[in-house]
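What follows is the residue order along each chain.
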Amino acid sequence: MSIAVLGAGVMGSTLLAALVRSGHDPGDLVVSDRSSGRAEQVAAEHGTRAAASTAAVETADVVVLAVKPQDMAALIEEIHDHVRPHALVVSIAAAISTDYLERRLPEGTSVVRAMPNTPALVDQGMSGMSAGRHCTPEQLDQARALLESVGRVIVLDESHQDAVTAISGSGPAYIFYVVEAMIEAGVLLGLPRDTATELVVQTLYGAATMIRETGTHPTVLREQVSSPGGTSVAALRALEDHKVRAAFLTAMEAAARRSRELSPPAG
């Protein structure tokens, strides 16, 4: 199966590297970018080929659109006459709907929309994936296997993609924000910065691992840490007093709203 990755930015190059690591023949992988130098650099790093976008899609069974949303219209116009019949097109561009792509690609083209996140860089990504009108179950499985090379995948109705963007797509930014604040708190309390960083990062990793491996609800896990009258309860009370929970809810609503605003009209 030949795969063309159009866009050699962070997510495009990450996916390309993961495909090579997962056993795909580098000879079946081709990368393209507006900057031919960037495409050649990424291709050289992973032993794949670099080509112009039109040449890349002419032989591809799967075409991955990994460009910024504002660059999508121009790219689709460029490759329109070169996409193979029965090729699967997988878009990982935020806010671009399957309807938008289907209207601009050759009639009947199978499209999958996916929203991965940056932990894909370490093969711990989370992707929400939605099928377009012409996508067969076999092609959806094909797209899932592609994205599972960089982490976990869920399939859901496209109407939920703005929520996926708000929760997992943008989610790493919220986590990094909290980690940054906790490290600063450690420094404020007198710890060396490197010590505070190690304490916070391992605590985050351990807590996430507990949630995944135990299957226990986060509320139960939180209560297990929160002894009556203890330090955790005092800290949680302060967070509630500052309406941190409400702030997170409001923030994610804002992210979902912005995702909707960024979606170009399909027609």
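The structure we're discussing is the one just above.
Now for a quick tour of the structure. Note that this is a predicted model, so its numbers are computed, not measured. For every chain, the first residue of its written sequence is number 1, and the numbers climb from 1 along that sequence. Only residues with pLDDT of at least 70 are given local features in this predicted model, and only at 80 or more are side-chain atom pairs given and counted; all residues enter the totals for whole chains, interfaces and linings. To get the side-chain values, take all heavy atoms of the structure and skip hydrogens and water.

## What about a nonpolar patch on the surface?
Rules: Think of a patch as exposed residues, more than 30% relative accessible area, with no salt bridge, where like charges cluster within 9 Å and nonpolar side chains (Val, Leu, Ile, Met, Phe, Trp, Tyr) cluster within 5 Å. For the accessible areas, the method is Shrake-Rupley and the probe is 1.4 Å, while residue cover comes only from the protein chains on display. The term salt bridge refers to a side-chain nitrogen of Lys or Arg lying within 4 Å of a carboxyl oxygen of Asp or Glu. Helix and strand definitions follow DSSP, with helices as H or I runs of at least four residues and strands as E runs of at least two, each counted in order from the N terminus.
On the surface, Tyr177, Val178, Met182 and Phe248 cluster together to form a nonpolar patch covering roughly 390 Å² of accessible area. Of the residues forming the nonpolar patch, the biggest block, three residues, is contributed by helix 8 (residues 171–188). Within the secondary structure, phenylalanine 248 sits in helix 12 (residues 244–262).

## Details of the nonpolar core
Stated formally: Only buried Ala, Val, Leu, Ile, Met, Phe, Trp, Tyr and Cys residues count toward a nonpolar core, and they belong to the same one when joined by side-chain atoms within 4.5 Å. Burial classification: accessible surface area is computed with a 1.4 Å probe over protein chains only, and a residue below 20% of its type maximum counts as buried, one above 50% as exposed, and the rest as partly exposed.
Core analysis: the largest hydrophobic core is formed by 29 residues, its most contacted members being Ile3, Val64, Val112, Met129 and Leu146. Looking at this core, the elements that each hand over two or more residues are strand 1 (3–6), helix 1 (10–21), strand 2 (29–32), helix 2 (36–46), strand 4 (62–65), strand 5 (88–91), strand 6 (110–115) and helix 6 (137–147). It is helix 1 that contributes the most residues to this core, five residues altogether. Counting 22 residues, the second largest nonpolar core, distinct from the first, contains Leu65, Met72, Ala93 and Ile96.

## Looking at the environment of valine 225
Looking at the secondary structure, you find valine 225 in helix 10 (residues 218–225). Spatially, the C-alpha atom of valine 225 lies 57 Å from that of glutamate 107, the residues being 118 residues apart in sequence.

## Some words on the pairing of strand 6
Each regular strand displays side chains that alternate between the two surfaces of the sheet. Our working rule: By this definition, two strands are paired if DSSP reports at least two bridges between them. Whether a crossover is right-handed comes down to one check: with the strands pointing away from the viewer, does the path from the first strand over the helix to the second run clockwise; if it does, it is right-handed.
Burial within strand 6 is extensive, with six of its six residues counted as buried. Neither face of strand 6 is exposed, since Ser110, Val112 and Ala114 on one face and Val111, Arg113 and Met115 on the opposite face are all buried. In terms of strand pairing, strand 5 meets strand 6 through four bridges, oriented parallel. Bridge pairing in strand 6 links valine 90 to valine 112. Considered for its hand, the β-α-β crossover made up of strand 5, helix 5 (residues 98–104) and strand 6 is right-handed. Strand direction decides the pairing type here: strand 6 and strand 7 (residues 125–131), joined by four bridges, are antiparallel. The residue of strand 7 that forms the bridge with arginine 113 is serine 130.

## Details of the packing of aromatic side chains
As a reminder of what qualifies: Working definition: a ring pair exists when centres of Phe, Tyr or Trp rings (six-membered ring for Trp) sit within 6.5 Å. Plane angles under 30 degrees give stacked, over 60 give edge-to-face, the rest tilted. A positively charged side chain is recorded as over a ring if its NZ (Lys) or CZ (Arg) lies within 6 Å of the ring centre. The angle to the ring normal must also be within 35 degrees.
Going through the model one piece at a time under the given rule, you end up with zero aromatic pairs. Between arginine 104 and the ring centre of tyrosine 100, over which it is positioned, the NZ or CZ distance is 3.7 Å.

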